[in-house]
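These are the residues of each chain, in order.
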Amino acid sequence: MDLYYPFWSRLASRFELIVYDLRSHGRNPAADLADHSVATFTADDARIRAGIERHFGAKPAVGVFHSLSALIALNQDPPGSGYAGLVLFDPPMYLPDGDHYGIDTLWRRLGMLARHRQPRFATREEFAEEFRRSWVFEFGFAYSFEPDTTDFACPVKVIGGDPGVEFSSLPSVDLEGLIGWDYDFIPHTTHFPQLEYPEECVSTMIAFLEREGLA
């Protein structure tokens, strides 16, 4: 979550914020590799949501998730359960070329590359360069699907990277499906719009929340 500070810090004046890292991510210690899966992350998210309400009281909550965490939110049953609204940034569902199977091939390849990542680096600059050009997903393809938007338990907004840029994704593979989503994209961004144009991401999100009476 430290990496996303340029984005979420812009929300602090209007909202109570709770930010957290996924299991084995960020400041969390490394967990057993057997638990490093979308299924486990999904169960973690449900427990975290229940814990937030238990400790801070029942209040309207908006879940704001990016990439893998957005995919986790979509795997809740039903998606949006326990939230008054969801904002999903570039959920890795389908590639802009509309290839149903391209995302599967991509994630399998990235999983293979992840297993052969360089474990140590001589300088921070060398590590940053490796991070800049690397993805680290594995097994995500098994959970990448197009949910029925009528099944959502709350209003959902999808904010994507620019579909004309490499490594962005779409929430649907056909026009009819895309119309079913409340979808916008941030021009000139890749898969990391919140890091590249945080102010634009916030304004797009706030417009949705205000329309839904959540801000």
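(A) Structural context of the overall build of the protein. Looking only at helices and strands, the protein features eight helices and four strands. In the protein, the succession of helices and strands from N to C terminus is α-α-β-α-β-α-α-β-α-β-α-α. Within the span of the protein, comprising 215 residues, buried residues form 40% of the whole. Accessible surface for the protein amounts to roughly 12,300 Å². Of this, 55% is attributable to carbon and sulfur atoms.

(B) Here's a closer look at helix H2 (residues 38-56). For H2, which comprises 19 residues, the first-to-last C-alpha distance of 27 Å matches the rise-based estimate of 27 Å (1.5 Å per residue) to within 8%. Turning to H2, its buried residues number three or more, namely Val38, Thr40, Phe41, Thr42, Asp44, Asp45, Arg49 and Gly51. The secondary structure elements touched by the buried residues of H2 are strand S1 (62-66) and helix H3 (68-74).

(C) Structural view of the nonpolar core. Of all hydrophobic cores here, the largest spans 15 residues; its most connected members are Phe65, Leu86, Leu88, Val156 and Trp181. At the level of secondary structure, the elements contributing two or more residues to this core comprise H3, strand S2 (85-89) and strand S3 (156-161). Apart from residues lying up to four places away in sequence, Val156 is in contact with Leu86, Leu88, Trp181, Asp182 and Phe208. Membership of the second largest hydrophobic core comes to 14 residues, among which are Leu11, Ile186, Ile206 and Leu209.

(D) Quick peek at the pattern of salt bridges. Overall, the coordinates contain ten salt bridges when judged by the stated rule. One salt bridge in this structure joins Arg14 and Glu210, with 3.3 Å as the shortest N-O distance. Placement of Arg14 in the loop between helix H1 (5-8) and H2 and of Glu210 in helix H8 (residues 198-211) is noted, with a sequence separation of 196 residues between them. On the accessibility criterion, Glu210 (44% relative accessible area) is partly exposed. Of the charged contacts, one joins Asp35 and Arg23 as a salt bridge, the two residues approaching to 3.9 Å between their closest N and O atoms. Here Asp35, found in the loop between H1 and H2, pairs with Arg23, found in the loop between H1 and H2; they are twelve residues apart in sequence, far enough to count as distant. One salt-bridge network, held together by shared partners, links Arg23, Asp35, Asp44 and Arg47.

(E) Spatial organisation of the pairing of S3. Summarising burial for S3: six of the six residues are buried, a large majority. As paired strands, S2 and S3 are joined by four bridges and run parallel to one another. By the bridge assignment for S3, Leu88 is matched with Val158.

(F) Structural view of the sheet that holds S3. Within the open sheet, the four strands sit side by side as S1-S2-S3-S4. Their pairing is parallel. Where the open sheet ends on each side, the last strands, each with one partner, are S1 and strand S4 (182-186). Ignoring which end each strand starts from, the neighbouring axes of this sheet average 15° apart.

(G) Looking closely at H8. When the terminal C-alpha atoms of H8 are compared, their 20 Å separation across 14 residues agrees well with the 20 Å that a helix rising 1.5 Å per residue should span. Among the residues of H8, those classed as buried are Pro198, Cys201, Val202, Thr204, Met205, Ile206, Phe208 and Leu209. Buried residues in H8 make contact with H1, S1, S2, S3, S4 and helix H7 (193-196). Backbone geometry just after H8 places Gly213 at a positive phi near 75°.

(H) Looking closely at the packing of aromatic side chains. One pass over the structure, following the stated rule, counts three aromatic pairs. If you follow Arg49 out to its NZ or CZ, it ends over the ring of Tyr83, 5.4 Å from the centre.

(I) The environment of Asp148, seen in detail. Tracing the sequence through the fold places Asp148 in the loop between helix H5 (124-132) and S3. Among the residues examined, Asp148 registers a relative accessible area of 41% and is labelled partly exposed. For the pair formed by Asp148 and Trp181, sequence separation is 33 residues and the distance between their alpha carbons is 9.6 Å.

What counts, and at which threshold
- Residues numbered from 1 in each chain as written.
- Predicted model: local features only at pLDDT ≥ 70, side-chain atom pairs only at ≥ 80, totals over all residues.
- Heavy atoms only, no water.
- Helix = DSSP H or I, 4+ residues; strand = E, 2+ residues; numbered from the N terminus.
- Buried < 20%, exposed > 50% of the residue type's maximum accessible area, 1.4 Å probe, protein only.
- Areas by Shrake-Rupley, 256 points an atom, 1.4 Å probe, with all protein chains shown as cover.
- Expected span 1.5 Å × (residues − 1).
- Contact = heavy atoms within 4.5 Å.
- Core = buried A, V, L, I, M, F, W, Y, C linked by side-chain atoms within 4.5 Å.
- Salt bridge = Lys/Arg side-chain N within 4 Å of Asp/Glu carboxyl O.
- Pairing = 2+ DSSP bridges.
- Axes fitted to C-alpha atoms, helices over the stretch in contact; angles between N-to-C directions.
- Phe/Tyr/Trp six-rings, centres within 6.5 Å; stacked < 30°, edge-to-face > 60°.
- Lys NZ or Arg CZ within 6 Å of the ring centre and 35° of its normal.

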